[in-house]
Amino acid sequence: MVLEKHESLDAQSRDWNMGLHWGAESLKSLIPGELWAQIQSVQVDPSEPTAEHDSLNFLNAQSGETLATIPVQYFYRLRRYKLRHLLAQGVDIQYGKTMQAIEYSDNGQHATALCDDGRSITARLVVGTDGARSTTRQLLLGSSAGRIHTLPYCATFVQASYTAEQARFLRKFHPLYLAGINPAGYFSFFGLHNAEDPGRPESWTFFFYISWHSTLEEQERTAQWTNAKRLQQVKEFAKTFVDPWKSAFEWLEDDHQVWYMNLTDFDPGSRDHRWDNYGGRVTLAGDAAHAMTYQRGQGLNHSVTDAARLVESIGDFVRGRVSQSEAIAKYESEMISRAGGEVCLSSTNTEMLHNWEKVLSSPVLNSGLRRNKADRAG
């Protein structure tokens, strides 16, 4: 059973897309074959077959020079909205349910989730997958230790459609995705978000952002900025960029909706971040366990791998191979080593991508999108 705080899968007005690459086998193992057969349909451009061998190009965003070409196999670019609808098929989802507390039975067998509507649900295992600002994590660690860690970096995201001529121009730089590193200290991404009708460029939606170094003091000082002020700021940044960023921002109306956010992380392997799983009755997965920055494109891959590893562990204790406590401890040890190590690497990568002196030494330009092999000891 899935408890979902929103009233429907479509409750959030903003959609975004994510890259799936080395985690694809984990996702494939978790869903029926007939659902995996539909994975093409949830991509940003369903008509563009996923290439076995592809590359993500990193440009000097001031000069247009190619800094690096990162090879990648089967790079799926998935729309969150459509992926959620695909994965929700056949799943018992209880909408409008926000968990407020967890109680544990005296016999060590069950955990009970207490919801804000007064309902309680008792199960053998509660898994917190409630995002980077996880309530479950704060219940397990306390409000201080369980709080997300704010980094001195911010980003402003845009989704926009253009005239047919403009859309064709913007897409000619790459049909799906492109990254840019600006020597002035900005990082940027530009990609397609929705091309349901490949023959109507005016209906396409593009997804792009610029990120930059921003002290915590600056973040607090600008916290109340209006949408117009956010857009004005990032439009000024874009004037130092080459196309497609320069034109994509320039062509936006001054009241166009943007989404500003600071960058955050949470390392489950850090001091004071190890939670009590109450004998294997509660655990965390996905962003709730290991929120990470997105410039190395690892979040979705680790999250679906968490799910695959957790399914294996649940199978082990359900079949009596090991105790529930041992199974969940094994899951957590592997997950914390694998994804916790990536949290640190991704944050280091973010810092280096915004420092022109360090860019060429950054993990993404040296290791690409491959899974981090330097996992910490469990």
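Refer to the structure printed above.
Here the structure is a predicted model, which is why all the values come from computation and not from measurement.

Participant: I would appreciate a short explanation of the pairing of strand S12 (residues 177–182) in the present structure.
Facilitator: Put simply, side chains in a regular strand alternate between the two faces of the sheet. Among the six residues of S12, six are classified as buried, and the element is accordingly described as predominantly covered. Direction of pairing for S12 relative to strand S13 (residues 186–194): antiparallel, over a ladder of six bridges. In the strand pairing of S13, Asn182 is matched with Tyr186. What sits between the antiparallel neighbours S12 and S13 is a turn of three residues, in which Gly185 has the positive phi angle 105 degrees.

Participant: Explain the pattern of salt bridges here, please?
Facilitator: Pairing between side chains becomes possible if they bear opposite charge and their charged atoms approach one another. The final tally for this structure, using the stated rule, is 17 salt bridges. The residue Asp45 makes a salt bridge to Arg171 at a minimum N-O spacing of 2.6 Å. Here Asp45 is found in the loop between helix H2 (33–36) and strand S3 (53–60), whereas its partner Arg171 is found in helix H5 (residues 164–171), with 126 residues between them in sequence. As far as burial versus exposure is concerned, Asp45 and Arg171 are alike and both buried. Close ionic contact of Arg338 with Glu334 constitutes a salt bridge, the shortest N to O distance being 2.8 Å. Residue Arg338 and its partner Glu334 are both found in helix H11 (residues 324–353); the two are separated by four residues, about one turn of the helix. A relative accessible area of 0% means that Arg338 is categorised as buried. Take Glu334: its relative accessible area is 25%, and that puts it in the partly exposed class. Because the salt bridges share partners, they merge into one network encompassing Asp15, Arg79, Lys82 and Glu196.

Participant: Looking at this structure, how should I read the sheet that holds strand S9 (residues 120–123)?
Facilitator: Strands belonging to one sheet form pairs held by backbone hydrogen bonds; the direction of such a pair is parallel or antiparallel. One open sheet holds the three strands; their spatial order is S7-S8-S9, and the pairing between them is antiparallel. Since the sheet does not close on itself, it has two edges, and those belong to strand S7 (99–104) and S9, each with one partner. The sheet shows a mean angle of 20 degrees between the axes of neighbouring strands, taken without regard to direction. Here strand S8 (residues 111–115) runs beside S9; their pairing, made up of four bridges, is antiparallel. Paired with Leu114 across the strands is Ser120, a residue of S9.

Participant: In this structure, what is going on with unusual backbone geometry? I would like to understand it.
Facilitator: What is expected of a backbone is that most residues other than glycine have negative phi and most peptide bonds are trans. In the segment running from Asp243 into Pro244, the intervening peptide bond is cis, with an omega of 15 degrees. Within the secondary structure layout, Pro244 lies in the loop between helix H7 (227–238) and helix H8 (245–250). Non-glycine residue Asp272 carries a positive phi angle of around 75 degrees.

Participant: Explanation requested: the sheet that holds strand S11 (residues 149–160) in the structure shown.
Facilitator: Read from one edge to the other, the open sheet built from seven strands follows the order S4-S3-S12-S13-S14-S11-S15, with strand pairing classed as mixed. Across the chains shown, the open sheet's two edge strands, defined by having one partner strand only, are strand S4 (66–73) and strand S15 (258–265). Here the average twist between neighbouring strands, direction ignored, is 25 degrees. Where S13 and strand S14 (residues 205–213) come together, eight bridges link them in antiparallel fashion. Counted as the bridge partner of Leu192 is Phe206 from S14.

Participant: What exactly am I supposed to notice about the packing of aromatic side chains here?
Facilitator: Any aromatic ring pair is given by two values, namely how distant the centres are and how the planes are angled relative to each other. Going through the model one piece at a time under the given rule, you end up with 23 aromatic pairs. Considering the side-chain rings of Phe157 and Phe207, the 5.7 Å spacing of their centres and the 45 degrees angle between planes classify their relative orientation as tilted. A residue pair is termed long-range when its members are at least 10 positions apart, and Phe157 in strand S11 and Phe207 in strand S14 qualify at 50 residues. As far as the burial class goes, Phe157 and Phe207 line up, both buried. Ring geometry for Tyr209 versus Tyr294: centroids 5.5 Å apart, planes at 85 degrees, classification edge-to-face. Placement of the pair is Tyr209 in strand S14 and Tyr294 in the loop between helix H9 (287–290) and helix H10 (299–318), with a sequence separation of 85 residues. Chaining the aromatic ring pairs together yields one cluster made of Tyr162, Phe169, Phe173, Phe190, Phe206, Phe208, Phe249 and Trp251. Taking NZ or CZ as reference, Arg171 lies 4.7 Å from the ring centre of Trp204, over its face.

Definitions and cut-offs
- Residues numbered from 1 in each chain as written.
- Predicted model: local features only at pLDDT ≥ 70, side-chain atom pairs only at ≥ 80, totals over all residues.
- Heavy atoms only, no water.
- Buried < 20%, exposed > 50% of the residue type's maximum accessible area, 1.4 Å probe, protein only.
- Helix = DSSP H or I, 4+ residues; strand = E, 2+ residues; numbered from the N terminus.
- Pairing = 2+ DSSP bridges.
- Salt bridge = Lys/Arg side-chain N within 4 Å of Asp/Glu carboxyl O.
- Axes fitted to C-alpha atoms, helices over the stretch in contact; angles between N-to-C directions.
- Phe/Tyr/Trp six-rings, centres within 6.5 Å; stacked < 30°, edge-to-face > 60°.
- Lys NZ or Arg CZ within 6 Å of the ring centre and 35° of its normal.

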